Every structure is written in structure tokens, then in C-alpha cells.
Amino acid sequence: MHTSTEALALTTVKYGDSSLIVACYTKEYGLQSYMLKGILNSRTNKKIPKSLFEPLSLLELEAPKNPADRLGFIKEAKLHYPYQSIPFNLIKKTLLFFLAEVIHQVVKEEQEANVELYSFLKKRMLWLDSEDRIGLFHIKLMLDISEFIGFYPNITDKTASYFDLETGCMSQSKPRGAFLEGSIKTAWIQLLGMKFDMVEEIKLSRVEKSEVLDAAVMYFKLHLQQFKSPRSTKILNEIFK
């Protein structure tokens, strides 16, 4: 039985006094949750250190696919790729906390493995680690993820005055629900229409960056039933200038 898989660490929850439940997005199985017994006990000779499961760490796991609705157990774990800059960059680390929350909620909806999405996320994490030009990385990533899940914004009519967040389309008439207009609509269209490594070219004020991020979060809330605003959104807006 094949039991080896690459994985992106997502979230950790303390269980009891010394254990953790960790959620990982795996290449082979999709979203999986594992019990790590005694990992917080300093007297235990830990084969698997807690530090491996920082948000969006790239891992290699030796673990079979979990039975339905049950926690699995990891036999072995190691870093697939040790990040070179992210651990020492506060903004990058904050971005990963935010994106881990987003990705966890997105992949809950899928249930099954999605190798294309996994490969896309891995590629973007490696890009972030190697680049100093962060720009609107996190917002562009969110919008690109929506293409894998099936609600990518339709901006065919770029001259329209509004973007309707509820329908996911441009609109010539003012929508009744949530919508974008003005400089925020323009930034939204630019983000969707440009290559990933060009996002730094979009110049926005701190307030505008916050508004575009809030729009992306609202868009996900409108199109994914269980999606909630990530807890780290406020912190991200405070440090992201």
C-alpha cells in the first residue's frame, strides 16, 4: 500500500495536555487530519517535532490515507523543502498564517485529492520564499485558487462600472448586493488579468489594499457556504503597508 505523500501543513489544534490534531493538505489524499500523541510533552523522545507543522510548511509524510471521518496517524515526517526566507520575515510568516486558514476552508469543500491545486500551491510557496517582491501576493493567490474550485470571477466586460461580488460578473448597472467600483474594481480587474510575478506593479494605498483584501474575503464567503473570515485578516491589514 502506498503511504508516502507530500503535504502542506495547515492548522494545529491542541488535544488534551500533550497532543495535537494537525490538518494537512496532501498531494495524494487531499485534506487529512492526524493525531500527534504526546508531541507537546518535553519528556517524550519525539520522532516528529511540532516545529514541522508551521503553517504551509512543505512536508513529506509517511502516513496511509485516513479512514472516512477518522483521524490518522503519521509514521514519519520531514521537511520536503526548508524555507530559506519565510521563517525570518514577519510579513511572509503572517501571510502564511492567513493563507493556511483560507486554504483549509477551501479544501474542506473538495474532500478528494486535487493534484493540480496542490502543485499550484507548492509552486506559489516556493515563489514567495525566493522573492522579496511580495506585493498583493495573498490576494492574487486567493483569486487564482477560485479558478480551481469553480467560481473564478468573470471580467469579460472590463469597461462595466461595477463588479458584482454575488454573481461574480461585471455589471453596467449598480448591483443590489455587495459590489466593487472605482479604484478597487480597477485593482480587482488588474489582479485577475496579470501574471503572478507582476502583482507588485499594482500600487495601492494601505486603505485600498485593505479594501481589496476584504473584497476577496467577501467573495469567498459568498461563493463557499462554510467560509468564514480568517482570524488573521485584521493582523494582516495592520502590518501590510
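Scroll up to find the structure this text is about.
These remarks concern the structure in this document. Owing to the predicted nature of the structure, the values given are computational and were not obtained by experimental measurement.

Side note on the overall build of the protein
Stage number 1. A tally of regular secondary structure across the protein gives 6 helices and 8 strands.
Stage number 2. Reading the protein from its N end, one meets helices and strands in the order β-β-β-β-β-α-α-α-β-β-β-α-α-α.
Stage number 3. In terms of overall size, the protein behaves like a compact globule, its C-alpha atoms giving a radius of gyration of 19 Å where 241 residues would be expected to give roughly 18 Å.
Stage number 4. With the C-alpha coordinates aligned to their principal axes, the bounding extent of the protein is approximately 60 × 35 × 30 Å.
Stage number 5. Looking at the 241 residues of the protein, the share that counts as buried comes to 49%.
Stage number 6. For the protein, the share of sequence-separated contacts (at least 6 apart) that also reach a separation of at least 24 residues comes to 60%.
Stage number 7. Carbon and sulfur atoms provide 49% of the accessible area of the protein, an area that totals close to 12600 Å².
Stage number 8. Distance between charge centroids for the protein: 5 Å, based on 32 positive and 29 negative side chains.

Observations regarding the packing of helix α3 (residues 137–149) against helix α4 (residues 182–193)
Stage number 1. The contact between α3 and α4 brings their axes to 10 Å, and the two run at 70 degrees. Relative to α4, α3 is oriented roughly perpendicular. For the pair α3 and α4, the crossing hand works out as right-handed. When α3 is examined against α4, the residues I139, K140 and L143 are found in contact with a partner set consisting of W188, L191 and L192.

A word on the pairing of strand β2 (residues 19–26)
Stage number 1. Of all 8 residues in β2, 7 are buried, a share of seventy percent or more.
Stage number 2. Bridge analysis of strand β1 (residues 4–15) against β2 gives 8 bridges, and the strand direction is antiparallel. Within β2, the position partnered with L8 by the bridge is Y25.
Stage number 3. Counted between consecutive antiparallel strands, the loop separating β1 from β2 contains 3 residues, among which G16 sits at a positive phi close to 70 degrees.

Structural notes on the pattern of salt bridges
Stage number 1. Taken as a whole, this structure holds 5 salt bridges when the rule is applied.
Stage number 2. Residues E6 and K122 are paired through a salt bridge, measuring 3.1 Å at the closest nitrogen-oxygen approach. One end of the pair, E6, is in strand β1; the other, K122, is in helix α2 (residues 115–130), with 116 residues separating them in the sequence.
Stage number 3. Here E131 ties to R133 by a salt bridge, and the two come within 3.1 Å at their closest N and O atoms.

Let's talk about the environment of K209
Stage number 1. Position of K209 relative to the elements: it lies in helix α5 (residues 206–223).
Stage number 2. Classification of K209 as buried rests on a relative accessible area of 17%.
Stage number 3. Measuring from C-alpha to C-alpha, the distance between K209 and A187 comes to 9.1 Å, with 22 residues separating the pair along the chain.

Focus on the side chain of T233
Stage number 1. With respect to the secondary-structure elements, T233 resides in helix α6 (residues 233–239).
Stage number 2. Among the residues examined, T233 registers a relative accessible area of 9% and is labelled buried.
Stage number 3. Only 2.9 Å separates the side chain of T233 from the backbone oxygen of P230, close enough to count as a polar contact.
Stage number 4. Once you skip the residues sitting within four places of it in the chain, T233 turns out to touch F98, L213, D214 and V217.

Quick word on the layout of surface pockets
Stage number 1. Counted as a void, the largest pocket has a volume near 350 Å³.
Stage number 2. Along its surface, the largest pocket is lined by 15 residues, and L31, Q32, A68, D69 and Q111 are the ones closest to its centre.
Stage number 3. Elements with a minimum of two residues in the lining of the largest pocket: β3 (30–36) and α1 (90–108).
Stage number 4. Ranked by residue count, the leading element in the lining of the largest pocket is β3, at 3 residues.
Stage number 5. In terms of residue class, the lining of the largest pocket is built from 6 nonpolar, 4 polar and 5 charged.

Considerations on unusual backbone geometry
Stage number 1. Phi is positive for L56, close to 65 degrees, though the residue is something other than glycine.
Stage number 2. Its relative accessible area of 0% is what places L56 among the buried residues.

Overview of α3
Stage number 1. Here α3 spans 19 Å end to end across 13 residues, near enough to the 18 Å set by a 1.5 Å rise per residue.
Stage number 2. Taken across its 13 residues, α3 has 10 buried, putting it largely inside the fold.
Stage number 3. What α3 keeps buried is the set F137, H138, I139, K140, L141, M142, L143, D144, I145 and S146.
Stage number 4. Phi turns positive one or two residues past the end of α3, at G150, with a value near 105 degrees.

How each quantity is defined
Counting restarts for each chain: residues are numbered from 1 in the order of the written sequence. Where totals are concerned, whole chains, interfaces and linings use all residues; where local detail is concerned, this predicted model gives features only for residues with pLDDT of at least 70, and gives and counts side-chain atom pairs only at 80 or more. Think of the side-chain values as coming from all heavy atoms in the structure, minus any hydrogens and water. In DSSP terms, a helix is any run of H or I states spanning at least four residues, a strand is any run of E spanning at least two, and both are numbered starting from the N terminus. The reference for a compact globule is 2.2 Å times residues^0.38; the radius of gyration itself is calculated from the C-alpha atoms. When a residue's accessible area, from a 1.4 Å probe over protein chains only, is under 20% of the maximum for its type it is buried; when over 50% it is exposed; and in between it is partly exposed. Two residues form a contact once any of their heavy atoms are found within 4.5 Å. Under the convention used here, a 1.4 Å probe and the Shrake-Rupley method define accessible areas, while residue burial counts only the protein chains that appear. Only four residue types enter the charge count, namely Lys and Arg as positive and Asp and Glu as negative; His and the chain termini do not. For this purpose, a charge sits on NZ of Lys, CZ of Arg, CG of Asp or CD of Glu. To get an axis, fit a line to the C-alpha atoms, keeping to the stretch in contact for a helix; angles then go from 0 to 180 degrees between the N-to-C directions. What sets the label is the angle itself: under 35 degrees gives roughly parallel, over 145 gives roughly antiparallel, 65 to 115 gives roughly perpendicular, and the rest give oblique. Crossing handedness is defined as follows: a turn of the near helix away from the far one that is anticlockwise and smaller than a right angle gives a left-handed crossing, while the clockwise case is right-handed. Strands pair, by our definition, only if DSSP identifies at least two bridges between them. By convention in these notes, a salt bridge is any Lys or Arg side-chain nitrogen within 4 Å of a carboxyl oxygen on Asp or Glu. Here a polar contact is recorded for every N or O atom pair within 3.5 Å, except that within protein the pair must consist of a potential hydrogen donor and a potential acceptor, and residues adjacent in sequence are included only if both atoms are side-chain atoms. Within this scheme a cavity is a closed region of a 1 Å grid, computed over the protein atoms alone, that accommodates a 1.4 Å probe without allowing it to escape, whereas a pocket is open but has protein on both sides within 12 Å along at least five of seven lines; lining residues each have an atom within 4 Å of a point. Grid points are joined across faces, edges and corners, and a volume is the space filled by probe spheres set on the points. For this classification, Asp, Glu, Lys and Arg are treated as charged, while Ala, Val, Leu, Ile, Met, Phe, Trp, Tyr, Cys and Pro are nonpolar and the rest, including Gly, are polar. To estimate how far a helix should reach, multiply one less than its number of residues by 1.5 Å.

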